[in-house]
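# Residue-level structure breakdown
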Amino acid sequence: MIIPPGPLKVMVATKPVDFRKGAVSLAALVEHELGLKPFSGVVFIFRSKRANRIKLLVWDGSGLVLVSKVLQTGGFHWPRAQDGVMRLSASQASALFEGLQWSKMHTPRAQVPVTTR
């Protein structure tokens, strides 16, 4: 997958979307319904009504990249369907994309070093 450089910010649209939508339509949905900027380098993840389908949308600096995946068996472990968005860490998004239980993935928080003078 083509991803923008630097730390990865991932947002999940928790409400199912029409999977006939393409990259431009999903970008419009991000801007108008979610109130976010689709051309910011953030990875946006969308779900269908069927739990086995996922789409990822990201601006890579030169164009919109749309990735679609359909699991042949089982389904993705989605957050509760509701209006709005939910932020995931890169490791949680990777687990979600693989069909794993993303909620069990935790990104360790590094403490800010204390400097003494």
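Please refer to the structure higher up on the page.
Residues numbered from 1 in each chain as written. Predicted model: local features only at pLDDT ≥ 70, side-chain atom pairs only at ≥ 80, totals over all residues. Heavy atoms only, no water.

Inspection of every chain in the model, using the stated rule, returns one salt bridge. D18 is the salt-bridge partner of R20, the closest N and O atoms lying 2.9 Å from each other. (Salt bridge = Lys/Arg side-chain N within 4 Å of Asp/Glu carboxyl O.)

The subject of this paragraph is the nonpolar core. With 15 residues, the main nonpolar core has I45, I54, W78 and L96 as its most contacted residues. Elements represented by at least two residues in this core include exactly β1 (10–13), β2 (43–47), β3 (53–59) and α2 (90–97). Contact partners of I54, with chain neighbours within four places excluded, come to F19, I45, F46, V67, S68, K69, F76, W78, L96 and F97. The next biggest cluster of nonpolar side chains, apart from the first, holds 13 residues, and it includes M11, F19, A27 and V42. (Core = buried A, V, L, I, M, F, W, Y, C linked by side-chain atoms within 4.5 Å. Buried < 20%, exposed > 50% of the residue type's maximum accessible area, 1.4 Å probe, protein only. Helix = DSSP H or I, 4+ residues; strand = E, 2+ residues; numbered from the N terminus. Contact = heavy atoms within 4.5 Å.)

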